[in-house]
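Here is how the chains run, residue by residue.
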Protein chains: 2
Amino acid sequence: MQEAAVRRQNGVALWRQIADRIRSAIAGGDYDAIGKVPPEMVLAEQFGVNRHTVRSALAALAQEGIVQAVQGRGTLILRKERLNFPISRRTRFNQGIGDQAREKEGLLLASAEEAATADLASRLKLSVGAPLIRLETLRKADRRPVSRATAWFPADRFAGIADAYRDSGSITTAFGTVGLPDYIRVSTEITAVHADNDDLSALELSPGAIVLVTRALNADADGVPVQYAVSRFPADAVQFTIEN
Amino acid sequence: MQEAAVRRQNGVALWRQIADRIRSAIAGGDYDAIGKVPPEMVLAEQFGVNRHTVRSALAALAQEGIVQAVQGRGTLILRKERLNFPISRRTRFNQGIGDQAREKEGLLLASAEEAATADLASRLKLSVGAPLIRLETLRKADRRPVSRATAWFPADRFAGIADAYRDSGSITTAFGTVGLPDYIRVSTEITAVHADNDDLSALELSPGAIVLVTRALNADADGVPVQYAVSRFPADAVQFTIEN
DNA sequence: AGCGATTTGTCCGTATGTATC
DNA sequence: TGATACATACGGACAAATCGC
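Only a predicted model underlies this, so the values are computations on that prediction, with no experimental measurement involved.

To continue, consider the sheet that holds strand S3 (residues 74–77) of chain A. All names here are of chain A. As summarised here, the arrangement of the 3 strands in space is S1-S3-S2, forming an open sheet in which the pairing is antiparallel. The sheet terminates laterally at strand S1 (36–37) and strand S2 (67–70), the two strands that pair on one side only. Sheet analysis places S2 next to S3, joined by 4 bridges and oriented antiparallel. Among the inter-strand pairings, Ala 69 is bridged to a residue of S3, identified as Thr 75.

Written out as C-alpha cells, the structure reads:
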C-alpha cells in the first residue's frame with residue numbers, strides 16, 4: 001500500500017515528517033499486532049524516500065525512547081501511550097487519569113503572587129489588579145510528563161494553596177485544605193499549537209511536536225470562579241473526551 | 001525582550017519554526033494594536049537569527065495569504081481568524097459557527113456505501129458488516145476551509161442522506177429530510193496531529209501545520225446511534241469550547 | 001550445526017537546501 | 001551578491017545480527 005507521500009522542500013525535513021507519522025501510527029496502535037515497526041525498506045517504499053531517510057526518522061524516535069532498533073530483528077516499539085482525559089463538570093486531573101497510570105505526580109515548579117490582568121480579571125470575575133496566586137505545575141503519569149499548567153486563584157480566598165499543592169500534588173486536595181470541599185468545571189477551551197521551547201524541555205518533546213492547550217475555568221458550587229488554568233499536553237500522549 | 005530561542009538543525013528549518021510562531025502570534029492577537037508584524041530587523045533580533053531567515057518565514061506566510069509585505073510600510077496582517085466551535089449535547093456545525101462567519105458552505109466531496117468494520121460497528125452499535133453510508137464532506141466559512149469530515153450512517157435507516165446533504169450542505173437539514181427531526185451529541189474525542197497530505201490540499205495548509213481531530217458520535221432522542229464522524233480542523237483557525 | 005533470507009549498521013560519494021557573514 | 005559551513009537526501013555496497021528451515 002502506498003502511503004500518502006511526504007512533501008519535500010517545505011521547511012520541514014523529510015525525516016521529521018516521517019518520524020511524526022510513525023510516532024502517530026504507534027500511538028494509534030497500527031503496529032500492535034507485531035510489536036515493532038515495519039522494516040526500513042518497507043517504510044522507505046511506503047513513504048517514497050530513501051532508506052537512509054527512514055533511518056534518520058527512526059533514530060529520532062529511538063532518541064525519544066519510543067522505539068529501539070535491534071540488528072537482525074527489527075525496530076521494536078518500547079512505549080505507546082495515549083492517556084485519555086474525560087472533560088465534564090466533574091473534571092479532576094488525577095481521577096481523570098484513573099487507572100490509566102500507576103504512578104501519578106504533581107510537581108509545583110513555581111508560585112507567585114501577582115495582580116489580575118484584564119483577561120484574567122474578566123475570566124475570574126474580579127476587578128483588574130485584584131491579587132492572584134499563580135502556580136506553575138508539572139504533572140506526570142508513570143514518570144512521563146503529561147501536562148504543564150499555569151493556574152491562577154483569587155489570593156484573598158485561597159491563601160496557602162501553593163503550599164497545599166506542593167504537599168499533596170493535587171489541586172482537588174489543595175482546594176480541600178484551604179477550605180473548598182468541591183468545585184465544578186465551568187468551561188474548557190481547546191486549541192493546538194507547536195511546542196515552544198519551554199514545552200520541549202518541560203514535556204521532554206522534540207522540535208516540531210504538537211501540544212494541546214486547554215484553558216479551563218473552575219467554580220465553586222455557587223458558580224463563583226475559583227481557578228483559571230492554562231494547561232499544555234503533549235498531543236502524542238493524550239486525547240480528550242467529552243461525554244454529553 | 002528576547003524571544004525564547006528557536007532551535008537549530010533539529011529537522012525543522014529555522015524559517016519554518018519562525019513562520020509557525022508568527023502565525024500563532026497573529027492568531028493570538030499579539031499584533032492587533034498595530035495591524036502589522038514587527039519590522040524584519042526586530043523579529044530577527046527577537047528570534048536571534050539573521051534577517052534573511054525572517055524574510056523566508058514572512059515569504060511563506062505571504063504565500064499562505066496571511067500577511068503582505070509592502071515596501072516602506074511594513075508587513076501587513078491580512079487575515080486573522082480563529083473560529084470557535086462549542087461542543088455540547090446540542091452541537092450543530094452550522095449553528096455552532098453562528099455569526100462568526102457570514103458565508104457558510106457544506107460540500108459533499110464523495111459518498112459511498114460500505115460494510116461496517118469492527119471499530120465502526122462497535123461505535124454505532126451495529127453488527128460487523130452492517131451496511132453504512134459514508135460521506136466525505138468539506139465545510140467552509142467565508143470561503144476558507146474549516147473542516148473536512150468523514151461521516152458514517154446506518155444505510156438502512158438513512159437511505160438518501162447523501163443527496164439530502166449535497167442539496168442542503170447541512171447534516172441537520174439532511175437528517176430532517178430523511179426522517180430524523182432531532183439528534184444529540186453523545187461523545188466527542190479530541191486529538192491533534194500533523195496535517196497529512198490530504199489535509200494540506202483539502203484545508204489549504206502548509207506542511208508542518210497542525211490539525212485538530214474530533215471523533216464524534218451522534219444519537220437520536222432514544223440514544224440509538226445515528227452518525228459517527230471523524231472531522232479534521234486546521235488548528236490555526238479553530239478552537240473548541242466545552243460549556244458544562 | 002549450516003544455510004539462506006531478512007533486517008539493521010556502517011561506509012562511501014554526490015547533489016541540494018539552509019543559514020550565516 | 002557571492003563565499004562558506006553544515007544539514008538534508010539520495011544511491012549503492014557490504015558487514016553484522018537474528019531467525020526459520
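All names here are of chain A. As a structural note, the neighbourhood of DNA strand D is formed by 14 residues, with Leu 14, Trp 15, His 52, Thr 53 and Gln 71 the closest of them. Expressed as a percentage, the sugar and phosphate content of the atoms of DNA strand D within 4 Å of the protein is 69%. The separation between a base nitrogen of DNA strand D and a polar side-chain atom of Gln 71 is 2.9 Å. Within the side chain of Arg 73, an N or O atom sits 3.5 Å from a phosphate oxygen of DNA strand D. Only helix H1 (14–27) and helix H3 (51–63) provide two or more residues apiece to the surface near DNA strand D. For the surface near DNA strand D, the element with the most residues is H3, which contributes 3 residues. Its residues assigned to classes, the surface near DNA strand D comprises 4 nonpolar, 7 polar and 3 charged.

Residues and elements named next belong to chain B. Across the 6 residues of strand S11 (residues 238–243), 5 count as buried, placing the element largely inside the fold. Sheet topology places strand S4 (residues 83–87) next to S11; 5 bridges connect them, and they run parallel. Residue pairing across strands places Leu 83 opposite Val 238, the latter belonging to S11.

This part takes up the sheet that holds S11(B). Within the open sheet, the 8 strands sit side by side as S5(A)-S6(A)-S7(A)-S10(A)-S9(A)-S8(A)-S11(B)-S4(B). Their pairing is mixed. Every other strand in the sheet has two partners, leaving strand S5 (104–115) of chain A together with S4 of chain B as the edge strands with one partner each. The sheet shows a mean angle of 20° between the axes of neighbouring strands, direction not considered. Bridge analysis of S5(A) against strand S6 (residues 131–141) of chain A gives 11 bridges, and the strand direction is antiparallel. If you follow A:Gly106 over to S6(A), its bridge partner there is A:Arg139.

A word on the packing of helix H2 (residues 40–47) of chain A against H3(A). All names here are of chain A. It is the contact of H2 with H3, at a shortest axis distance of 8 Å, that shows an interaxial angle of 105°. Taken together, H2 and H3 sit at an angle that is classed as roughly perpendicular. Taken together, the residues of H3 that come into contact with H2 (itself represented by Glu 40, Met 41, Leu 43 and Ala 44) are Arg 51, Val 54, Arg 55 and Leu 58. Each residue belonging to the contact of H2 with H3 can be placed in one class, and the counts come to 5 nonpolar, no polar and 3 charged.

Taken residue by residue, the interface counts 39 residues in chain A and 38 residues in chain B. Counting the surface chain A buries against chain B, the share from its top three residues, A:His194, A:Ile242 and A:Asn244, is 18%. Remark: the boundary between chain A and chain B carries 0 salt bridges. Linking chain A with chain B are 4 residue pairs in polar contact (both at pLDDT 80 or more). For the side of chain A that touches chain B, the secondary structure elements donating two or more residues are H1, strand S8 (184–194), helix H8 (197–202), strand S9 (210–219) and strand S11 (238–243) of chain A. Looking at the side of chain A that touches chain B element by element, the count peaks at 10 residues for S8(A). Here S8(A) pairs with S11(B) via 4 bridges, running antiparallel. What sits directly across from A:Thr188, in S11(B), is B:Ile242.

Moving on, we come to the relation of the copies chain A and chain B. Relating the two copies of this chain is a rotation about some axis coupled with a shift parallel to it. Once chain A is rotated about the relating axis by 180° and shifted along it by 0.1 Å, it coincides with chain B to within an RMSD of 0.2 Å. Seen this way, the second copy is the image of the first under a two-fold rotation axis. Minimal C-alpha distance to the rotation axis in chain A is attained by A:Val12, lying at 2.2 Å. Of the residues that chain A buries at the interface, 97% are likewise interface residues in chain B, meaning the two copies contact each other through the same surface.

What follows deals with the protein's contact with DNA strand C. The local shell around DNA strand C holds 20 residues, among which A:Glu40, A:Arg51, B:Leu14, B:Trp15 and B:Thr53 are the closest. When atoms of DNA strand C within 4 Å of the protein are split into backbone and base, the sugar-phosphate part holds 73%. In the environment of DNA strand C, a sugar or linking oxygen lies 3.3 Å from a nitrogen or oxygen atom belonging to the side chain of A:Gln71. Within the side chain of B:Thr53, one N or O atom sits 2.3 Å away from a phosphate oxygen of DNA strand C. Elements with a contribution of two residues or more to the surface near DNA strand C: H3, S2 and S3 of chain A together with helix H1 (14–27) of chain B.

Definitions and cut-offs
Residues numbered from 1 in each chain as written. Chains lettered and ligands numbered in written order. Predicted model: local features only at pLDDT ≥ 70, side-chain atom pairs only at ≥ 80, totals over all residues. Heavy atoms only, no water. Pairing = 2+ DSSP bridges. Helix = DSSP H or I, 4+ residues; strand = E, 2+ residues; numbered from the N terminus. Near = heavy atom within 4 Å. Polar contact = N/O pair within 3.5 Å; in protein donor to acceptor, adjacent residues only side chain to side chain. Nonpolar A, V, L, I, M, F, W, Y, C, P; charged D, E, K, R; others polar. Buried < 20%, exposed > 50% of the residue type's maximum accessible area, 1.4 Å probe, protein only. Axes fitted to C-alpha atoms, helices over the stretch in contact; angles between N-to-C directions. Parallel < 35°, antiparallel > 145°, perpendicular 65-115°, else oblique. Contact = heavy atoms within 4.5 Å. Buried area = accessible area lost by both parts, 1.4 Å probe. Salt bridge = Lys/Arg side-chain N within 4 Å of Asp/Glu carboxyl O. Least-squares fit on C-alpha atoms with pLDDT ≥ 70 in both.

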